[in-house]
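Commentary on secondary and tertiary structure
The chain contents come next:
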Amino acid sequence: MASVSLFIGGIRPLPESGRPSGIYKQAANSRLTLGHEGFSGDQQADRRVHGGPEKAVHLYPATHYRRLAERFPAAAGQLLAGSLGENLSTGDLDESSVRVGDIWRLGGARLQVCQPRTPCWKIDERFGCDGMAAFIGEQRLTGWYWRVLTPGEVRPGDELLLEQAAANSPTLAAALALWAQHRPDPAALAHLAAVDGIAANWRGKIEQRLAWLRGEGGAPQPPAFHVKPD
């Protein structure tokens, strides 16, 4: 069980480039409808890389903000729950607490852990700190995305309850550590790719990397980590 805070937001321009972004969130203080593509009232600016059924809800562990504030003290005053664009914030869970494919209940909705967040350059611009997105990725302070299995109503004060553990799946922390290795064990990667509930796009990246490790068809090695360029 985990206590969570809820955040939603519209689209606003970033401070330097003026590019539109949905990273700016505000705490929700009333009931929200959670559907297959996210919370009512929540928006994403670039639907090519944000939002959609397999990035419907983003949870960011509140405990990570201390690490970020220590590394980027100039932004410490801005590094508060909700400021990285997450919909759910909790101090009770982190990447070592959940498994890929876990099913949790929040209010009247059911959610499934399906992939980590890949940080993008907009984080650096939002906080005015070069390298923050890279640090988040390299230190595996990513948080994760949920798909919504059962839509429902969610209220502030609702708690996340584990409904069905993905017993044969690695924790998200273990999956990220495996993915970060220069030459991960192909058998372990294949096991991760086969996990029930993993996001299709992450499975595709894992399978591409497996092909490279196995020397199949001259497949290029995808990077273990990258900051989304756009």
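Residues numbered from 1 in each chain as written. Predicted model: local features only at pLDDT ≥ 70, side-chain atom pairs only at ≥ 80, totals over all residues. Heavy atoms only, no water.

1. Examining the sheet that holds strand E1 (residues 2-3)
- Here we have nine strands laid out as an open sheet, ordered E1-E14-E10-E11-E12-E8-E9-E2-E5, and mixed in their pairing. With one partner strand each, in any of the chains shown, E1 and strand E5 (26-27) form the two edges of the open sheet.
- Sheet topology note: the strand E10 (residues 103-106)/strand E14 (residues 159-164) ladder contains four bridges and is antiparallel. Along E14, the bridge assignment pairs Arg105 with Leu161. (Pairing = 2+ DSSP bridges. Helix = DSSP H or I, 4+ residues; strand = E, 2+ residues; numbered from the N terminus.)

2. Describing unusual backbone geometry
- For Arg140, which is not glycine, the phi torsion reads 60° and is therefore positive.
- Residue classification places Arg140 among the partly exposed positions, given a relative accessible area of 33%. (Buried < 20%, exposed > 50% of the residue type's maximum accessible area, 1.4 Å probe, protein only.)

3. Observations regarding helix H4 (residues 172-180)
- Burial in H4 covers these residues: Leu172, Ala175, Leu176, Leu178 and Trp179. Across the axial projection of H4, the buried residues extend over an arc of 160°, all falling on one side.
- The inward-facing, buried residues of H4 abut strand E11 (109-116), strand E12 (144-150), helix H5 (186-193) and helix H6 (200-213). (Arc of directions from axis to C-beta. Contact = heavy atoms within 4.5 Å.)

4. Side note on the packing of H5 against H6
- Two elements in contact, H5 and H6, have axes whose closest approach is 9 Å; the angle formed by their N-to-C orientations is 155°. Here H5 is positioned roughly antiparallel relative to H6, judged by the angle of their axes. In the crossing of H5 with H6, the sense of the turn from one axis to the other is left-handed. Residues Pro186, Leu189, Ala190, Leu192 and Ala193 of H5 form the contact with H6, whose own contacting residues are Trp202, Arg203, Ile206, Glu207, Arg209, Leu210 and Leu213.
- The class makeup of the residues in the contact of H5 with H6 is nine nonpolar, no polar and three charged. (Axes fitted to C-alpha atoms, helices over the stretch in contact; angles between N-to-C directions. Parallel < 35°, antiparallel > 145°, perpendicular 65-115°, else oblique. Left-handed = near helix turned anticlockwise from the far one by under 90°. Nonpolar A, V, L, I, M, F, W, Y, C, P; charged D, E, K, R; others polar.)

5. Some details on the nonpolar core
- In this structure, Trp146, Leu160 and Trp202 are the most contacted members of the largest nonpolar core, which totals 41 residues.
- Apart from residues lying up to four places away in sequence, Trp202 is in contact with Val100, Cys114, Gln115, Pro116, Leu172, Ala175, Trp179 and Leu192.
- Among the nonpolar cores identified, the runner-up in size contains 18 residues, and Leu14, Phe72, Cys129 and Phe135 belong to it. (Core = buried A, V, L, I, M, F, W, Y, C linked by side-chain atoms within 4.5 Å.)

6. Some words on the side chain of Gln115
- Mapped onto the fold, Gln115 is located in strand E11.
- For Gln115, a relative accessible area of 5% gives the class buried.
- Engagement of the side chain of Gln115 in a polar contact is seen with the backbone oxygen of Glu54, the distance being 2.9 Å.
- Within the structure, Gln115 has its side chain in polar contact with the side chain of Asn201 (distance 3.4 Å).
- When near neighbours in sequence (up to four residues on either side) are disregarded, Gln115 contacts Glu54, Lys55, Trp144, Tyr145, Ala199, Asn201 and Trp202. (Polar contact = N/O pair within 3.5 Å; in protein donor to acceptor, adjacent residues only side chain to side chain.)

7. Side note on the side chain of Asn87
- Tracing the sequence through the fold places Asn87 in the loop between helix H1 (64-71) and strand E9 (88-90).
- On the accessibility criterion, Asn87 (3% relative accessible area) is buried.
- Of note is the side chain of Asn87, whose polar atom sits 3.0 Å from the side chain of Asp42.
- Residues contacting Asn87, with those up to four places away along its chain left out, are Ser5, Leu6, Phe7, Lys25, Phe39, Asp42, Ala56, Val57 and His58.

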